[in-house]
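What the coordinates show
Given next are the chains, with one letter for each unit.
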Amino acid sequence: MTEQILIENVTFKYPGGELPVLRDVSLTVNKGDFIAVMGSNGCGKSTLGKLLNGLIPHYYVGDFTGKVTVNGLLTTDHKVAELSHQVGYIYQDFENQLVSPRVLDDASFAPLNFGYHDYKDRGRQSLATVGLTGLDNEFIWQLSGGQKHLLALAGVLSLDPDILIIDEPVAQLDPYHAEETYNILKKLNEDFGKTIIVIEHHTEFIADYCNQVVLMEAGQVLWKKNTQQALREVNQLLDSQIYPPQVTQAAHKIGFLEMSDYPITLAEAVSSFPCYLKNTSNKSVPDSKNSDQLESLIKIEDISFSYKTINRSRKKVLKDISLTINRGERIALVGNNGAGKSSLLRLITGLVKPEQGNVIVHGRNTRKYSPEKMADLVTYIYQNPEEMFIEDSVRKDVEFFLKARKVPDYKLIVERILRQFELTDLQDRDSRLMSGGQQRRASLAIGVAMNPSVILLDEPTANLDIATRKHITELISSLGDQVGAAVVATHDMQLVAEWANRIIVLNEGEIIHDGTRDSVFNNLQLLEVAGLKPPQILELSRRLNMSQLMYTVDDFVHSVKREGTSYGIYTKTV
C-alpha cells in the first residue's frame, strides 16, 4: 500500500490552553484506506483532522511541534489553499461551509475562486456524484439538512482531492440520509479511489463501511487496527468510553463466543447467535397509554405553520397538527429531515406563532404571551448548543436566567446544577470553547436552571460519543421530579428505544403515528415512510424471530440467557 499521510511526533496546544490537545501523535494512512477515528469527546479527533489540510499550524497558530506530510507535501511549507487540492474537509458544522445562495453556485465556488474555466462543469459533476442532480437553481435554505450535508461534500469534491475528511458524517441526519451518506462515501472510496477518514462515534457504521480504526484518548493515538480486530476489543473500548456495535456488546456479555468470533455486523450476528432463539415469532405488545387518566400540560389544537420563501410564496411546514402532552410523558418526536420537528418545538415555546389553531401551555395561549413569559413554563434546548451561550463562562450562562428573575439563593441552585451536570471544574471556562459533549451538558444545565414545567430538546445527543449520549440520556431521565414532561426531537433511535414512553412520528408536516415503541418498531411500512432505522439489537431480535422485540442490549442478553437456561445450553450448537 502507498503511504499517503504521515504524522510524526506531533504535539499541539491551542493559544491560551493549559495542556496540549495532541501529545506526541504519530500515524500513517495508506492510499485507499477507509479509516474511522474514534475517541471520547475532547480527546483531539477534530484537531487531528485539522493537521491534514494545514489549518494547524497556519490558521490555528498555537504551540506546534512535529511533522505532517500529505501526498509528499510538508504541511508547514504549503498554505491551506494549496493543500485543499489534496485534502477535502467536511466539518462537523457543515452548514458554515455553504457560502452561496444557490446550489450550483455553492458547488462551483471553490474551482471558480481557483480560476478553473470549467468551474461549473466541476460543480455539476460533484453534485451528480452525491445525488443532488436537478437542484442547480434551488436556494440552499430550501434544502433539507441531509441535502445541505451532501452539498458541503459536493463543494469539497469539486476540487477532486485525493483525501476526504468528514467530521461526524451522520450527526444531524435521519437514519435514511445517514445510510445514504455512507453509501456515497463507500462509492468514492471503492470506485474513485479516494482515501476516506471519518471522525465517528457510531460503531455500527464503522463496522459496515470502514477497513481501519484509529483509537484516540487524551490527545494520543493508542492504536490503529483493522476494523474486525478493533471493534472486538470490547473491554478497552468501554474503558475509553466507546461502545462497540450492539451485537458485539451482546456477544461479549453473553460469553458464548471467543473474542475472535464476536460479530460486529448485523449479518454476522444473525448467524452467530443461538439457533434456539429462532423457534418463535415476534409478538406485538398492545399500546398501554390511557391519556384520559393523565394531567394535561400542553394542548395543541389544529395548528398549521408555514414560512415565507424568497419569492414571497409560503412553504407549509406543519399541517393541522393536534396533540396533547401530559405530565410524566417522555415523548420522542421522530421523522426524516424536514418533517417539521423543530418547527413544532418552536411553536410550543411561543418563539413563533401558528398560522391557524392554538397552542395552550398551562392554560396560556402562546398567541397572547411573549416567549419571555412562556420561558417560565417551557424551556427549549437548541440543537446547536452555542445558541444557548450569551456570557463568557459556564457559571454565568447557567445563572443568567435565575439572576434575571431575581430568584432567591440562586447561587446555591447554580452550585447544585453544576455538580449535577459535572460542570464544576469547567464553570470558569467560556462555553463556546469547550468540547461538543461539554457544551451539551452546559446547555442542558442552562435549561434545567430555568426550572421549567416542560423541557423541549432538539437533537440533544447529536455530535456526541456514545458514552456521553448515554450520560445525557441518564441526566434527562433523572429530571422526572423536576420536569413535568420532556419532548425530544431526535434521529437517535437508541435514545428513542431506551428512553421514550411515547413516540410521535412526523412526515411532511403531518403526524402519521402516535404510539409506543412496539406500535412504531413493529410497523415496517411506517419505518420506511418516515426514514427510520431501528437500533441494531432490536433488528437482530426481529431477524431471530424472538418472542418479543428487544430494545436494549441488556434486555437481549437476559432473554438469551433465560432461553438458553431452559435448554441447558448457551452455545449455538443446539
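Bear in mind the structure is a predicted one, so any value in this text is a computation, not a measurement.

Some points on the overall build of the protein chain
The helix and strand inventory of the protein chain stands at 24 helices and 20 strands. Expected size for 574 residues packed as a compact globule is a radius of gyration near 25 Å; at 25 Å, the protein chain falls within 12% of this value. Along the first, second and third principal axes, the C-alpha set of the protein chain runs to 70 × 65 × 50 Å. Across the 574 residues in the protein chain, those meeting the buried criterion constitute 56%. Sequence separation of at least 24 residues holds for 66% of the intrachain contacts in the protein chain that already meet a minimum separation of 6. Of the roughly 24,500 Å² that the protein chain leaves accessible, carbon and sulfur atoms contribute 46%. Within the protein chain, the 72 negative side-chain charges are centred at a point lying 4 Å from the centre of the 60 positive side-chain charges.

As for the layout of surface pockets
Taken as a whole, the second largest pocket spans an internal volume of roughly 710 Å³. Along its surface, the second largest pocket is lined by 31 residues, and P175, F205, K533, P534 and P535 are the ones closest to its centre. Of all the secondary-structure elements, those providing two or more residues to the lining of the second largest pocket are α8 (175-190), α9 (203-209), α20 (493-499), α22 (524-529) and α23 (536-543). A total of 4 residues in the lining of the second largest pocket trace back to one element, the largest contributor, which is α23.

Quick notes on the sheet that holds strand β11 (residues 296-308)
Overall, antiparallel pairing links the 4 strands, which are arranged β12-β11-β14-β15 in an open sheet. Sheet topology places β12 (314-326) and β15 (364-365) at the edges, where each strand pairs with a single neighbour. When strand β14 (residues 356-361) meets β15, the two strands line up antiparallel, connected through 2 bridges. Of the residues in β15, the one forming a bridge with I360 is N365.

Thoughts on empty space enclosed by the protein
Summed over all chains, the structure comprises 6 cavities of 30 Å³ or more. As for the largest cavity, its lining consists of 13 residues, of which L27, V37, L48, L52 and I197 are closest to the centre. Secondary structure elements with two or more residues in the lining of the largest cavity: β1 (3-13), β2 (22-30), β3 (34-38), α1 (45-52) and β8 (195-199). Considering each element in turn, the lining of the largest cavity owes the most residues, 4 residues, to α1. For the lining of the largest cavity, the residue count by class is 11 nonpolar, 1 polar and 1 charged.

Brief notes about the pairing of strand β4 (residues 63-70)
Sheet topology places β1 next to β4; 7 bridges connect them, and they run antiparallel. Within β4, the residue paired with F12 across the bridge is F64. For β4 and strand β5 (residues 73-74), the ladder comprises 2 bridges, and the chain directions are antiparallel. Among the inter-strand pairings, T69 is bridged to a residue of β5, identified as L74. Between the antiparallel neighbours β4 and β5 lie 2 residues, among them N71 with a positive phi of about 50 degrees.

Structural notes on the packing of aromatic side chains
One pass over the full model with this rule turns up 13 aromatic pairs. Measuring from centroid to centroid gives 6.1 Å for F521 and Y551, while their planes differ by 55 degrees, and the two rings are tilted. Of this pair, F521 sits in helix α21 (residues 517-521) while Y551 sits in the loop between α23 and α24 (553-567); the two residues are 30 residues apart in sequence, bridging distant segments of the chain. Y551 matches F521 in its accessibility class, with the two residues each being buried. Among the aromatic residues, those joined into a ring-pair cluster are F12, Y14, Y59 and Y60. The cationic tip of R122 hangs over the ring face of Y116; the distance from NZ or CZ to the ring centre is 4.0 Å. Of note, K225 hangs over the ring of W223, and the distance from its end group to the ring centre comes to 4.7 Å.

Points about α8
In this model, α8 (16 residues) spans 23 Å end to end at C-alpha, consistent with the 22 Å of a helix rising 1.5 Å per residue. Within α8, the full set of buried residues consists of P175, H177, A178, T181, Y182, I184, L185, L188 and N189. The distance from a side-chain oxygen at the start of α8 to the backbone nitrogen of Y176 is 3.0 Å, and the residue carrying that oxygen is D174.

Concerning the UniProt feature "domain: ABC transporter" (unreviewed entry) in the protein chain
The UniProt feature table records "domain: ABC transporter" (unreviewed entry) at residues 5-243 and 298-533. The straight-line gap between the two end C-alpha atoms of residues 5-243 is 28 Å; of that span, 35% is helix and 25% is strand.

A word on the nonpolar core
If you look at the biggest cluster of nonpolar residues, it comprises 78 residues, and the most contacted ones within it are I298, I300, L344, V398, L444, I503 and F521. Top element by residues in this core is helix α18 (residues 436-449). It accounts for 6 residues. The next biggest cluster of nonpolar side chains, apart from the first, holds 46 residues, and it includes V198, V213, L215 and L231.

A closer look at the packing of helix α12 (residues 246-254) against α23
Pairs of packed helices are described in terms of their axes, by the angle between the two and the distance that separates them. At a minimum axis separation of 8 Å, α12 and α23 run at an interaxial angle of 70 degrees. In terms of orientation, α12 and α23 fall into the roughly perpendicular class. Here α12 contributes Q246, V247 and A250 to the contact with α23, which in turn contributes Q536, I537 and L540. Classifying every residue of the contact of α12 with α23 gives 4 nonpolar, 2 polar and no charged.

Some details on the environment of A467
Secondary-structure assignment places A467 in helix α19 (residues 466-477). Distance from A467 to V488, taken between C-alpha atoms, is 19 Å for residues 21 residues apart in sequence. If sequence neighbours within four positions are ignored, A467 has contacts with Q241 and Y243.

What about a negative patch on the surface?
Taken together, the side chains of E301, D302, D320, E508 and E510 make up a negatively charged region of the molecular surface. In this fold, E508 is placed in the loop between β19 (502-507) and β20 (510-515). On the basis of relative accessibility, which here comes to 57%, the residue E508 falls in the exposed class.

Conventions and cut-offs
- Residues numbered from 1 in each chain as written.
- Predicted model: local features only at pLDDT ≥ 70, side-chain atom pairs only at ≥ 80, totals over all residues.
- Heavy atoms only, no water.
- Helix = DSSP H or I, 4+ residues; strand = E, 2+ residues; numbered from the N terminus.
- Rg over C-alpha atoms; globule rule 2.2 N^0.38 Å.
- Buried < 20%, exposed > 50% of the residue type's maximum accessible area, 1.4 Å probe, protein only.
- Contact = heavy atoms within 4.5 Å.
- Areas by Shrake-Rupley, 256 points an atom, 1.4 Å probe, with all protein chains shown as cover.
- Lys, Arg positive; Asp, Glu negative; His and termini not counted.
- Charge placed at Lys NZ, Arg CZ, Asp CG, Glu CD.
- 1 Å grid on protein atoms, 1.4 Å probe; cavity = no way out; pocket = protein on both sides within 12 Å on 5 of 7 lines; lining within 4 Å.
- Points joined across faces, edges and corners; volume = space filled by probe spheres on them.
- Pairing = 2+ DSSP bridges.
- Nonpolar A, V, L, I, M, F, W, Y, C, P; charged D, E, K, R; others polar.
- Phe/Tyr/Trp six-rings, centres within 6.5 Å; stacked < 30°, edge-to-face > 60°.
- Lys NZ or Arg CZ within 6 Å of the ring centre and 35° of its normal.
- Expected span 1.5 Å × (residues − 1).
- Polar contact = N/O pair within 3.5 Å; in protein donor to acceptor, adjacent residues only side chain to side chain.
- UniProt positions renumbered as here; feature names shortened; annotations may be inferred.
- Core = buried A, V, L, I, M, F, W, Y, C linked by side-chain atoms within 4.5 Å.
- Axes fitted to C-alpha atoms, helices over the stretch in contact; angles between N-to-C directions.
- Parallel < 35°, antiparallel > 145°, perpendicular 65-115°, else oblique.
- Patch = residues over 30% accessible without salt bridge, like charges linked within 9 Å, V, L, I, M, F, W, Y side chains within 5 Å.
- Salt bridge = Lys/Arg side-chain N within 4 Å of Asp/Glu carboxyl O.

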